[in-house]
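# Notes for the structure review
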Amino acid sequence: QGRKAIFMVHLQPLKLEADPEEIAKAIATLTPGFSGADIANICNEAALIAARGNAESVMHSHFEQAIERVIAGLEKKTKVLSVDEKRTVAYHEAGHAVTGWFLE
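A short tour of the structure in this document, coming up.

Together, V98, W101 and F102 line one region of the surface with nonpolar side chains, adding up to about 390 Å² of accessible area. Topologically, F102 is positioned in helix α5 (residues 83–103). Given the relative accessible area of 61%, F102 is considered exposed.

What follows is the structure, given as structure tokens:
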């Protein structure tokens, strides 16, 4: 109920293809544990996705794409890591190794 109410607040300024109550109920069930900020991000991202696609209104599919984007973050355009990213990953993985060694 709480997430649905938060969605209702953030859905008000959007032009929606369906009834806001239905959309709020549907996407609230898809977002357990999401904070108010996450919900606001989903609504904003759905509106951006709709605008990029020249849609006349925000559809349920836009919200599904927005949820995926908020959960997974922005997609990386390149799979090649920079030197700094490689160093960060190396430290991270070394931390796993050291932790595992101490826990044995």
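There is more to say, and it comes next.
Attention now goes to the packing of aromatic side chains. Applying the stated criterion across every chain yields a total of one aromatic pair. Ring centres of W101 and F102 lie 5.0 Å apart, and the angle between their planes is 70°; on these two criteria the pair is classed as edge-to-face.

Core analysis: the largest hydrophobic core is formed by 19 residues, its most contacted members being F7, L11, L16, I42 and F63. Those elements that provide at least two residues to this core are α1 (2–11), α2 (20–29), α3 (36–52) and α4 (60–72). At six residues, the largest contribution of residues to this core is made by α3. In this view, I42 contacts F7, T31, F34, F63, A66, I67 and V70; residues no more than four positions away in its chain are not counted.

What follows covers the environment of G2. Counting through the fold element by element, G2 comes out in helix α1. Residue G2 is classed as partly exposed on the basis of its relative accessible area of 45%.

Reading guide: rules and limits
Counting restarts for each chain, with residues numbered from 1 along the sequence as it is written. Two thresholds apply to this predicted model, a pLDDT of at least 70 for residue-level local features and 80 or more for giving and counting side-chain atom pairs, whereas whole-chain, interface and lining totals are computed over all residues. Think of the side-chain values as coming from all heavy atoms in the structure, minus any hydrogens and water. Candidates for patches are residues over 30% relative accessible area with no salt bridge; among them, like charges are joined within 9 Å and nonpolar side chains (Val, Leu, Ile, Met, Phe, Trp, Tyr) within 5 Å. Surface accessibility in these figures is a Shrake-Rupley result with a 1.4 Å probe; residues are shielded only by whichever protein chains are displayed. One side-chain nitrogen of Lys or Arg within 4 Å of one carboxyl oxygen of Asp or Glu is enough to make a salt bridge. Per the convention used, a helix needs a DSSP run of H or I reaching at least four residues, while a strand needs a run of E reaching at least two, with both numbered from the N terminus. The buried label goes to any residue with under 20% of its type's maximum accessible area, the exposed label to any with over 50%, and the partly exposed label to all in between, with areas taken from a 1.4 Å probe on protein chains only. Centres within 6.5 Å make a pair out of two Phe, Tyr or Trp rings, where for Trp the six-membered ring is used; the pair is then stacked when the planes are under 30 degrees apart, edge-to-face when over 60, and tilted otherwise. Residues enter a nonpolar core if they are buried and are Ala, Val, Leu, Ile, Met, Phe, Trp, Tyr or Cys, with the set joined through side-chain atoms within 4.5 Å. The contact rule is simple, with two residues in contact once any of their heavy atoms fall within 4.5 Å.

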